[in-house]
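Geometric and topological summary
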Amino acid sequence: MDLYDVVVVGARSAGASTAMLFARAGYRVLLLDRARFPSDTLSTQHIHRPGLRLLHRWGLLGRLADTGCPPVRRISYTLGDLRLEGPVPAEEGIDAVYAPRRFVLDSLVIEAAVESGAEFREGRTVTGVLTEGGRVTGVQWRTASGSTGGARARLVVGADGMRSPLAGHVGAGLEREDVPKTCVYYGYWEGLPAEFEVYERTGRLIGVVGTHDGLTLVAAYFPQEEFPEVRRDPEGAYLEALRTTAPELAARAGSARRVERLRGTGSQLNFFRRPAGPGWVLVGDAACHKDSITGTGISDAFEQAALLVESVGEGLHDERATAAALDRYAAGHRRLMEPRYRTALDTAQLEVTPERAEFTRWIAGDPASAGAFLSVAVSHIDPALLVPAAG
């Protein structure tokens, strides 16, 4: 059985970037995924500014632009009859936001990982872990044809998503769990020119951004308690949300055509798992999943990958050094994700108070305040969160 420095389970944004960075650090890396790529997945697609900065530093932002992912250079936030809009602020040479299709983005980062020296094997479902003296020392897998295999590793990384099987195999228990707040449905539109747009009213939020192939992603968020009703007629609920929350957008959509199937989920789980243990560590949605309403998941995944590899540094071949590194990662992960977790749950309340509406009206009359308000939307959080919350 081959010995690797690092085995990464899950090859989407969290796993592929982790594999790439470990390979660039000189480690022998194996990247595994049960899917075959290119492969799509449920996603808001928008990459916030921290994620774009990392793609730029990794030499991948230009490659992403070269795939035909359109740069979106204007942003707007609409609350009732109030509309704030302006250019995406330039920072570190980045003056646009990007929302790539996941079958493009994930494949691009996998390719970068392989170019960096990682070995990639798709179509492998991890069925268990190897252990020695209470420490995880590798993984076992099964292919679609039924053949089995495995690999030993100094570190096993679980980047296999919200329902992470790897987390179950290593016994990574929940440290915090909150009830789901929203459900979401989204569709792709052809012939619908758009900026990066957010529309909000109590009980609804609409997010809009351009993506590959001239398409525009339009997502509609509903309170979780409405999910049983919404899923009985997702099409009707989706279109009604557009008409009542974003009538100007709905009017533009009247001359456009929705393509592909409407996609959605009522499983917007909110939790923290224990992020690390002897010989194993979790990144991305496997470690912390939160409501997607703030759209920071891809950026969060990239930042966690960078945090992990920086925490490990050159110490992976020393068991004590690795244990200390994983402790540093766990502490850093909590500092990174706790504020974003709270932000996501606050936004997912879908409540527009009179105080928020009045505050938005006030800043709408001040160009400098409006510009600062909008700049937050491309940094970490939804612009709605700059206004006072309920209570």
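Everything below is about the structure printed above this text.
Computed from a prediction, not measured in an experiment: that's the story for all the values here.

1. Structural notes on the nonpolar core
- In this structure, F22, V29, L55, L64, V157 and L308 are the most contacted members of the largest nonpolar core, which totals 51 residues.
- Counting 28 residues, the second-largest nonpolar core is a separate cluster that includes V88, V97, V209 and L350.

2. Quick look at the packing of helix α2 (residues 49-57) against helix α9 (residues 297-312)
- Here α2 crosses α9 at 55°, and the two axes come no closer than 8 Å. Taken together, the axes of α2 and α9 lie oblique to each other. Once α2 is placed against α9, the crossing between them reads as left-handed. In this structure, α2 uses P50, G51, L54 and L55 to contact α9, whose residues at the interface are S299, F302, E303 and A306.
- Looking at the contact of α2 with α9 residue by residue, the classes come out as 5 nonpolar, 2 polar and 1 charged.

3. Considering the environment of M20
- Along the chain, M20 falls in helix α1 (residues 13-24).
- Put simply, M20 and L326 are 306 residues apart on the chain and 18 Å apart in space, counted from C-alpha to C-alpha.
- Apart from the residues within four sequence positions on either side, M20 is in contact with W58, L60, A112, A113 and S116.

4. Comments concerning the pattern of salt bridges
- This structure, assessed with the given rule, holds 31 salt bridges.
- For R135, the salt bridge goes to E319, with nearest N and O atoms at 3.9 Å. Taken together, the positions of R135 in strand β7 (residues 135-143) and E319 in helix α10 (residues 319-347) put the pair 184 residues apart, joining distant regions of the chain.
- Looking at E319, the relative accessible area reads 57%, which means it is exposed.
- Close ionic contact of E260 with R263 constitutes a salt bridge, the shortest N to O distance being 2.7 Å.
- We classify R263 as buried; its relative accessible area is 13%.
- If you follow the salt bridges from partner to partner, you end up with D40, R101, E260 and R263 in one network.

5. Comments concerning the pairing of strand β15 (residues 270-273)
- Alternating residues of β15 divide into N270 and F272 and F271 and R273, and every residue in both groups is buried.
- With 4 bridges joining them, strand β9 (residues 174-178) and β15 adopt antiparallel strand pairing. Looking at β15, one finds that D178 is bridged to N270.
- As paired elements, β15 and strand β18 (residues 288-289) share 2 bridges and run antiparallel to each other. Within the sheet, the bridge partner assigned to F272 lies in β18 and is C288.

6. Let's talk about the packing of aromatic side chains
- Tallied over the entire structure, the rule returns 6 aromatic pairs.
- Here the aromatic rings of Y186 and Y188 are separated by 5.8 Å at their centres, their planes lie at 85°, and the arrangement is edge-to-face.
- Between R28 and the ring centre of Y4, over which it is positioned, the NZ or CZ distance is 4.2 Å.
- Positioned over the ring face of F272 is R334, at 4.3 Å from the centre of the ring.

7. Considering the packing of α1 against α9
- Look at α1 against α9: their axes get within 8 Å of each other, and the N-to-C directions meet at 30°. With respect to α9, the element α1 is oriented roughly parallel. The element α1 and its partner α9 pack so that their crossing is right-handed. Contact with α1, carried on its side by S13, A14, S17, T18, L21 and F22, involves I298, A301, F302, A305, A306, L308, V309 and V312 of α9 and no other residues of that element.
- Its residues placed into classes, the contact of α1 with α9 shows 11 nonpolar, 3 polar and no charged.

8. With respect to the environment of D318
- Tracing the backbone shows D318 in the loop between α9 and α10.
- Relative accessible area serves as the criterion here: at 41%, D318 is assigned to the partly exposed category.
- Once the C-alpha coordinates of D318 and R154 are considered, the two residues, 164 residues apart in sequence, prove to be 9.3 Å apart.
- Reaching out from D318, the side chain makes a polar contact with the backbone nitrogen of A321 at a distance of 2.9 Å.

9. What about the sheet that holds β9?
- On the basis of which strands lie adjacent, the open sheet formed by 3 strands has the order β9-β15-β18 and antiparallel pairing. Across the chains shown, the open sheet's two edge strands, defined by having one partner strand only, are β9 and β18.
- Across the sheet, α10 touches β9, β15 and β18, and the angle it forms with β15 is around 170°.

10. As for the side chain of T182
- Relative to the helices and strands, T182 is located in strand β10 (residues 182-190).
- The class for T182 is buried, based on a relative accessible area of 0%.
- At 3.3 Å, the side chain of T182 forms a polar contact with the side chain of Q268.
- Separated by 2.6 Å, the side chains of T182 and D291 make a polar contact.

Reading the values: the criteria
- Residues numbered from 1 in each chain as written.
- Predicted model: local features only at pLDDT ≥ 70, side-chain atom pairs only at ≥ 80, totals over all residues.
- Heavy atoms only, no water.
- Core = buried A, V, L, I, M, F, W, Y, C linked by side-chain atoms within 4.5 Å.
- Buried < 20%, exposed > 50% of the residue type's maximum accessible area, 1.4 Å probe, protein only.
- Axes fitted to C-alpha atoms, helices over the stretch in contact; angles between N-to-C directions.
- Helix = DSSP H or I, 4+ residues; strand = E, 2+ residues; numbered from the N terminus.
- Parallel < 35°, antiparallel > 145°, perpendicular 65-115°, else oblique.
- Left-handed = near helix turned anticlockwise from the far one by under 90°.
- Contact = heavy atoms within 4.5 Å.
- Nonpolar A, V, L, I, M, F, W, Y, C, P; charged D, E, K, R; others polar.
- Salt bridge = Lys/Arg side-chain N within 4 Å of Asp/Glu carboxyl O.
- Pairing = 2+ DSSP bridges.
- Phe/Tyr/Trp six-rings, centres within 6.5 Å; stacked < 30°, edge-to-face > 60°.
- Lys NZ or Arg CZ within 6 Å of the ring centre and 35° of its normal.
- Polar contact = N/O pair within 3.5 Å; in protein donor to acceptor, adjacent residues only side chain to side chain.

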